[in-house]
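Residue strings, one per chain:
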Amino acid sequence: MRLVIRGREFDFSRKKYCMGVVNVTPDSFYEASRVSISDLVRIVGRMVEEGVDILDIGGESTRPGSDPVPVEEELERVIPCIKEIRRHFPDLPISVDTYKSVVARKALDEGADMVNDISSGTFDPEMVNVVLEYQCPIVLMHIKGTPKTMQQNPEYSDVVWEIAEFLRERIRFFEERGVLPENIIIDPGIGFGKRLEHNIDIVKRLAELKQLGKPILVGVSRKSMIGMLLGNVPPEERLTGTVVVNTISLLNGASIIRVHDVREGKQVCRIVEQMC
């Protein structure tokens, strides 16, 4: 499984990769991850020095209970940042974290390279056409409900089976409309409509999703599941737990980890690559 972005080859059959989070929002759950445009170049520059493989830029918080952000407001947050990053880091792969096709299209026009859609195109049916038009990679993620409602008593008979069935259908949907198979990455959506026990089960059984034949992205960085496992500690105290769960995820089949802390994330990737 290989993907080429800005002349850089991503070989998911033997390498592990680190996606760095840039939240240009005022309300992301981890306060230290909120980036202003004035600090953007410095923070991204540090991530580049630490070895970030892909930058993921989001202009709308999708934490549990969050409300949607109007398209215009999301564009005002995201587009200037993409322009600024592209100006200073012309070769850095950029992902836009959005489920809105209008935002995705404008972001791709301004220098983004791929789309990270928490809804797998179910919130905005036009997303598949944008991905097809630009022939860009997309992350298809599983979510149950919406960010506003997803943690209101989510239930599954078999969480991993249900995630696999959902992602299998979304992969088929995108590929039947002409999206290249190598342009699809999957994400089980840890924390998006899942209880703690569901999240634990996903990480333990991550290898089962390899049957779908796509690179797996996992995003656990400083999430509430880490806090719960450590005795309800706040996001600021979840780095060690994040490193541990990311390590387990990579050992169980993940190819990409989405992180707030790039230095530690890259260290995990390098060690797993060399020992497994």
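Everything below is about the structure printed above this text.
Residues numbered from 1 in each chain as written. Predicted model: local features only at pLDDT ≥ 70, side-chain atom pairs only at ≥ 80, totals over all residues. Heavy atoms only, no water.

(A) Representation of the overall build of the protein chain in the model. In terms of helices and strands, the protein chain carries 9 helices and 10 strands. Rg of the C-alpha trace for the protein chain: 17 Å, near the compact-globule value of 19 Å for 276 residues, within the 12% margin. By principal-axis analysis of the C-alpha atoms, the protein chain measures approximately 45 × 40 × 40 Å. Taking the intrachain contacts of the protein chain between residues at least 6 apart in sequence as the baseline, contacts between residues at least 24 apart amount to 70%. As presented, the protein chain carries roughly 11700 Å² of accessible surface, and 51% of it is formed by carbon and sulfur atoms. Averaged over its 36 positive side-chain charges, the protein chain has a centre that lies 3 Å from the centre of its 42 negative ones. (Helix = DSSP H or I, 4+ residues; strand = E, 2+ residues; numbered from the N terminus. Rg over C-alpha atoms; globule rule 2.2 N^0.38 Å. Contact = heavy atoms within 4.5 Å. Areas by Shrake-Rupley, 256 points an atom, 1.4 Å probe, with all protein chains shown as cover. Lys, Arg positive; Asp, Glu negative; His and termini not counted. Charge placed at Lys NZ, Arg CZ, Asp CG, Glu CD.)

(B) Representation of helix α1 (residues 37-49) in the model. The terminal C-alpha atoms of α1 lie 19 Å apart, and with 13 residues this matches the ideal 18 Å at 1.5 Å per residue to within 8%. Taken together, the buried residues of α1 touch β3 (17-23), β4 (54-58), α2 (71-88) and α9 (262-275). Looking one or two residues past α1, G51 carries a phi angle of roughly 100 degrees, positive in sign. (Expected span 1.5 Å × (residues − 1).)

(C) Quick look at the packing of aromatic side chains. Counted according to the given criterion, the structure contains 5 aromatic pairs. Considering the side-chain rings of F10 and Y17, the 4.9 Å spacing of their centres and the 55 degrees angle between planes classify their relative orientation as tilted. Since its relative accessible area comes to 4%, Y17 is described here as buried. With a centroid separation of 5.6 Å and an interplanar angle of 70 degrees, the aromatic rings of F173 and F174 are classed as edge-to-face. Overall, the relative accessible area of 19% leaves F173 in the buried class. Judged by relative accessible area, which is 0%, F174 ranks as buried. The rings of F10, F12 and Y17 are connected pair by pair, giving a single aromatic cluster. For K144, the ring lying beneath its charged end belongs to Y156, and the centroid distance is 4.0 Å. Note that R170 overlies the ring of F173, its terminal NZ or CZ placed 4.4 Å from the centroid. (Phe/Tyr/Trp six-rings, centres within 6.5 Å; stacked < 30°, edge-to-face > 60°. Buried < 20%, exposed > 50% of the residue type's maximum accessible area, 1.4 Å probe, protein only. Lys NZ or Arg CZ within 6 Å of the ring centre and 35° of its normal.)

(D) Spotlight on the environment of F123. Structurally, F123 can be placed in the loop between β6 (114-117) and α4 (127-134). For the pair F123 and T146, spaced 23 residues apart in sequence, the C-alpha separation works out to 8.9 Å. If we skip the residues at most four places from it in the chain, F123 touches Y99, I118, I143, G145, T146 and P147.

(E) Spatial organisation of the environment of E162. As for its placement among the helices and strands, E162 is situated in helix α5 (residues 159-176). Residue E162 is classed as partly exposed on the basis of its relative accessible area of 22%. Along the backbone, E162 and H142 are 20 residues apart, and their C-alpha atoms lie at a distance of 9.4 Å.

(F) Focus on the side chain of N199. Tracing the sequence through the fold places N199 in helix α6 (residues 196-204). Apart from the residues within four sequence positions on either side, N199 is in contact with I190, G191, K194 and M225.

(G) Quick peek at the packing of α5 against α6. One way to put it is that α5 packs onto α6 with a least axis distance of 9 Å and a crossing angle of 70 degrees. Classed by the angle they form, the pair α5 and α6 counts as roughly perpendicular. Residues V159, V160 and I163 of α5 lie in contact with α6, whose contacting residues are H198, D201 and I202. (Axes fitted to C-alpha atoms, helices over the stretch in contact; angles between N-to-C directions. Parallel < 35°, antiparallel > 145°, perpendicular 65-115°, else oblique.)

(H) Up close: the sheet that holds β6. Reading across from one edge, β8-β7-β6-β5-β4-β3-β10-β9 is the order of the 8 strands in this open sheet, with parallel pairing throughout. The sheet terminates laterally at β8 (184-187) and β9 (217-218), the two strands that pair on one side only. Across 2 bridges, β9 lies against strand β10 (residues 256-259) in parallel orientation. Bridging across to β10, L217 finds its partner in I256. Each of β7 (138-141) and β8 touches α5; the most contacted strand, β7, lies at about 145 degrees to it. (Pairing = 2+ DSSP bridges.)

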